[in-house]
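# Residue-level structural notes
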Amino acid sequence: MTTEKSENKERIGVYVCHCGSNIAGIVDVQDVAEWAGRDLAERGVVVSRDYKFMCSSLGQELIEKDIQEEGLTRVVVAACSPHLHEATFRTACSRAGLNPYLCELVSIREQVSWVHTDKEAATEKSKAVLSGGVERVIHHEPLEPLHVPIHPATLVVGGGISGIQAALEIADAGFPVYMVEREPSIGGHMAQFDKTFPTLDCSACILTPKMVSVGNHPNINLFTWSEVEKVDGYVGNFTVTIRKKARYIKTELCTGCGICQEKCPKKLIDDVYEAGLGYRKAVYTPFPQAVPKYPVIDRENCTFFQKGTCKVCQKFCPTDAIDFEQEDELITVQVGNIILATGFDLFDPRKVSQYGYGRLANVFSSLEFERLTNAAGPTNGNIVLRDGVTTPRAVGIIHCVGSRDRNFNNYCSVICCMQSLKFAHLVHERTGATVYNFYIDMRTAYKEYDEFYQRILEEGTLFVRGKVAEVTGAARSPGEEGRLIIQVEDTLAGKQRRIPVDMVILSAALQPRYDAKEVAHKFGISCSANGWYIEKHPKLDPVATMTEGIFIAGCVQGPKDIPTSVSQGAAAAARILGRIQQKEIALEPVRASVDQDKCSGCRICNSMCPFNAIIFHEDRMVTEVNPALCQGCGTCIAACPAGAISGTGFSDQQILAQIEGLLMVNFEHARVAELG
């Protein structure tokens, strides 16, 4: 409907979306549109329409046509969340010649129809929400995006498979990449595996060529045994300080011959790469295919650094590459975008004390079993008990250890089912033992995963559905003597069972890195309650974060298998390449700004900004907001006691007008005038 009854200088168009039945199923959309055209005419509404799908091409054309023919100066769309379609309707306004920031999107789907069952109440609430949007849009001002140039270099933090994929995609496109990895070699957890599901490819065979490509790529500057110390700047122009830890090896002289490792007299348990099952020296490379090939000296365990004696490695080094005087270096690089691909930590099965890990010798973690099966592992790929000799006759594999458990991690760790099926296959293949898989639910959802499950069934693996209550060494019968007993309720058979085995493998949960929150704070992004990094949108933007220029890939976002991690690394790289090729990015102009005449220098806002966008000038004792870093969240505005900070697009006038609209204050005033 169209009406010309308007006292407001603005000409406002109102568009109410049915969203199929999402909104129209609980809201009388036609009534809301008619009400807006009639009762909000005095507030400037000259056009009010309802349409089945406003976000469709025809819906957008409707808005564009009205802007041009009716001379609209403001647009309000009552539809879904602005997160989904605000950009859609702004673009439609822009095509019609109206500044896109003179468009207001109000949510009557998520905030009304999805949370109500009473149609009459939902319809009335929709009118109130729409009224608030109309009052607010009157005070909108034309805005222009902030254009920021993009530095062509990219920082990739984490050298696992996801980070490797991202780095190679960008470097192969001809742009420089800095890769930072805290361990002596890239490769991540994948370098510890022997086989990968569901195709049983050799992990090293498919990973090593990519590692070598990273190490040799002319566009990749590789910093291993290094950590990011500090991040300053904003999208397109980050300044990153990297701490390159002392290897005590002159890499320009080292040939990677390994003599220093061979001659070093200090032998240690390798708790990282070998998961505690093998040994390394005080000077070491983590594994034979390590990239780069240069070893590091473990300062904490090196006899020279402990006692001032030894230096055997230095005496035998044929190229004089050992340098005990070497110190950490701080290196500063400029980058335009950053990818965080720092991976995951494995859940410590000791926390599930009833499973006996760390107490019962032949209970193994999933990572320990990966090393047992690896041809380059401590047993050369032989599956044996802790004595290093005995081959198990029966093996129990327990799924979901530390995941899908409210006591530890409530989420599914995604890889456990397939990992456990892989373990069952390897045990059958190499020992011929009887294998039991104890599972809660079998989740084999991706390409060729369920086929792999069927294959393991055909191989004779015995599946017991039920959460294991206990793993114990306490025998109740002669047949249980000297064995591990798995106590479980078999929910399919409907009874309690005690199953004796020789080896138990615990498929441990994936969980966020121990320092995930600290790293998130350093890069100005957020963690979920579980500790995983939060993406911009879980479905439509899973690799970006709320901080422009910071992307996430792989298991930093949540548990993933290798194919998904590789895909996400490539996706993050594609997003960044698009920005680099455009050479600049247009940023949302909704930003905070400080009236320095009102600023008292109290600094209350300085530590509250989640995006590190606030700068304090000591010389003038005033605060300033960097608009390129600011994300317009409003935290500083709410905190400022002097009212010195205002937000573009969220002024006090706009917010108060919207509240008055929601409360129908103007209608109350009109009723009072009529009665008066």
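## A look at the overall build of the chain
Assigned secondary structure in the chain consists of 17 helices and 34 strands. A principal-axis box enclosing the C-alpha atoms of the chain has dimensions of 95 × 70 × 45 Å. The 676 residues of the chain split such that 53% are buried. In the chain, once contacts between residues fewer than 6 apart in sequence are set aside, the share between residues at least 24 apart is 70%. Surface exposure of the chain reaches about 30400 Å², of which carbon and sulfur atoms provide 49%. Here the chain carries 69 positive and 81 negative side-chain charges, and the mean point of each set is 6 Å from the other.

## Overview of a nonpolar patch on the surface
On the surface, a nonpolar cluster with roughly 530 Å² of combined accessible area is contributed by F650, I655, L656, I659, L662 and L663. In this structure, L662 sits in helix 16 (residues 652–662).

## Some thoughts on the packing of helix 1 (residues 29–39) against helix 4 (residues 119–137)
As a packed pair, helix 1 and helix 4 sit with axes 10 Å apart at the nearest point and diverge in direction by 40°. Compared by their axis directions, helix 1 and helix 4 come out oblique. Between helix 1 and helix 4 lies a crossing whose hand is right-handed. The segment helix 1 lies against helix 4, with D31, V32, W35 and A36 engaging T123, S126, K127, L130 and S131.

## Considerations on the environment of Q60
Relative to the elements of secondary structure, Q60 occurs in helix 2 (residues 57–70). Overall, the relative accessible area of 11% leaves Q60 in the buried class. Along the primary structure Q60 and G278 are separated by 218 residues, whereas in three dimensions their C-alpha atoms are 64 Å apart. If we skip the residues at most four places from it in the chain, Q60 touches M54, C55, T88, A92 and R95.

## Thoughts on the sheet that holds strand 27 (residues 503–508)
One open sheet holds the five strands; their spatial order is 20-27-21-22-23, and the pairing between them is parallel. Looking at which strands have only one partner, the edges of the open sheet turn out to be strand 20 (363–365) and strand 23 (462–465). Shown here is a sheet whose adjacent strand axes are inclined to one another by a mean of 20°, direction ignored. Bridge count for strand 20 against strand 27 is three bridges, and the pairing is parallel. Counted as the bridge partner of V363 is V504 from strand 27. The sheet strands contacting helix 10 (residues 366–373) are strand 20 and strand 27, and the helix crosses strand 20 at an angle near 90°. Contacting strand 21 (394–401), strand 22 (434–439), strand 23 and strand 27, helix 11 (residues 416–431) runs over the sheet at an angle of about 170° to strand 21.

## Notes on the domain arrangement of the chain
When the domains of the chain are assigned, the result is domain 1 (12–143), domain 2 (153–233 + 334–343 + 523–573), domain 3 (347–511) and domain 4 (592–647). For domain 1 versus domain 4, the separation of C-alpha centres amounts to 33 Å.

## Considerations on the sheet that holds strand 2 (residues 45–51)
The strand order across the open sheet formed by four strands is 2-1-3-4, and the pairing between neighbours is parallel. Two strands lie at the open edges of the sheet, namely strand 2 and strand 4 (103–107), each paired on one side alone. Adjacent strand axes in the sheet meet at a mean angle of 15°, parallel and antiparallel pairs treated alike. Both strand 1 (residues 12–17) and strand 3 (residues 74–79) contribute to a ladder of five bridges, which runs parallel. Of the residues in strand 3, the one forming a bridge with V16 is A78.

## Observations concerning the nonpolar core
Grouped together as the largest cluster of nonpolar side chains are 46 residues, with contacts concentrated most on V14, V16, I63, V75 and L130. Only strand 1, helix 1, strand 2, helix 2, strand 3, helix 3 (82–95), strand 4 and helix 4 provide two or more residues apiece to this core. Considering each element in turn, this core owes the most residues, six residues, to helix 4.

## Comments concerning the pairing of strand 32 (residues 614–617)
Relative to strand 33 (residues 622–625), strand 32 is paired through four bridges, and the arrangement is antiparallel. Residue pairing in the sheet places I614 in a bridge with V625 of strand 33.

## A look at the packing of aromatic side chains
Using the criterion set out here, one finds 14 aromatic pairs in the structure. With a centroid separation of 5.3 Å and an interplanar angle of 65°, the aromatic rings of F347 and F408 are classed as edge-to-face. Taken together, the positions of F347 in the loop between strand 19 (344–346) and strand 20 and F408 in the loop between strand 21 and helix 11 put the pair 61 residues apart, joining distant regions of the chain. Judged by its relative accessible area of 2%, F347 is buried. Aromatic side chains Y446 and Y449 sit 5.6 Å apart centroid to centroid with 80° between the ring planes, which places their arrangement in the edge-to-face category. Since its relative accessible area comes to 5%, Y449 is described here as buried.

## Here we look at helix 11
Helix length check: helix 11 (16 residues) gives 22 Å between terminal C-alpha atoms against 22 Å at 1.5 Å per residue, within 8%. Burial within helix 11 is extensive, with 13 of its 16 residues counted as buried.

## Section: the packing of helix 11 against helix 12 (residues 449–458)
Each pair of packed helices can be summarised by the angle the axes make with each other and by the distance between the axes. Remark: helix 11 packs on helix 12, axes separated minimally by 10 Å, with the N-to-C direction vectors making an angle of 35°. As for how helix 11 packs across helix 12, the hand of that crossing is left-handed. For the pair helix 11 and helix 12, contact is made by M418, L421, K422, A424 and H425 and by Y449, F452, Y453, R455 and I456, respectively. For the contact of helix 11 with helix 12, the residue count by class is seven nonpolar, one polar and two charged.

Cut-offs and rules
Residues numbered from 1 in each chain as written. Predicted model: local features only at pLDDT ≥ 70, side-chain atom pairs only at ≥ 80, totals over all residues. Heavy atoms only, no water. Helix = DSSP H or I, 4+ residues; strand = E, 2+ residues; numbered from the N terminus. Buried < 20%, exposed > 50% of the residue type's maximum accessible area, 1.4 Å probe, protein only. Contact = heavy atoms within 4.5 Å. Areas by Shrake-Rupley, 256 points an atom, 1.4 Å probe, with all protein chains shown as cover. Lys, Arg positive; Asp, Glu negative; His and termini not counted. Charge placed at Lys NZ, Arg CZ, Asp CG, Glu CD. Patch = residues over 30% accessible without salt bridge, like charges linked within 9 Å, V, L, I, M, F, W, Y side chains within 5 Å. Salt bridge = Lys/Arg side-chain N within 4 Å of Asp/Glu carboxyl O. Axes fitted to C-alpha atoms, helices over the stretch in contact; angles between N-to-C directions. Parallel < 35°, antiparallel > 145°, perpendicular 65-115°, else oblique. Left-handed = near helix turned anticlockwise from the far one by under 90°. Pairing = 2+ DSSP bridges. Domains from an automatic or database assignment. Core = buried A, V, L, I, M, F, W, Y, C linked by side-chain atoms within 4.5 Å. Phe/Tyr/Trp six-rings, centres within 6.5 Å; stacked < 30°, edge-to-face > 60°. Expected span 1.5 Å × (residues − 1). Nonpolar A, V, L, I, M, F, W, Y, C, P; charged D, E, K, R; others polar.

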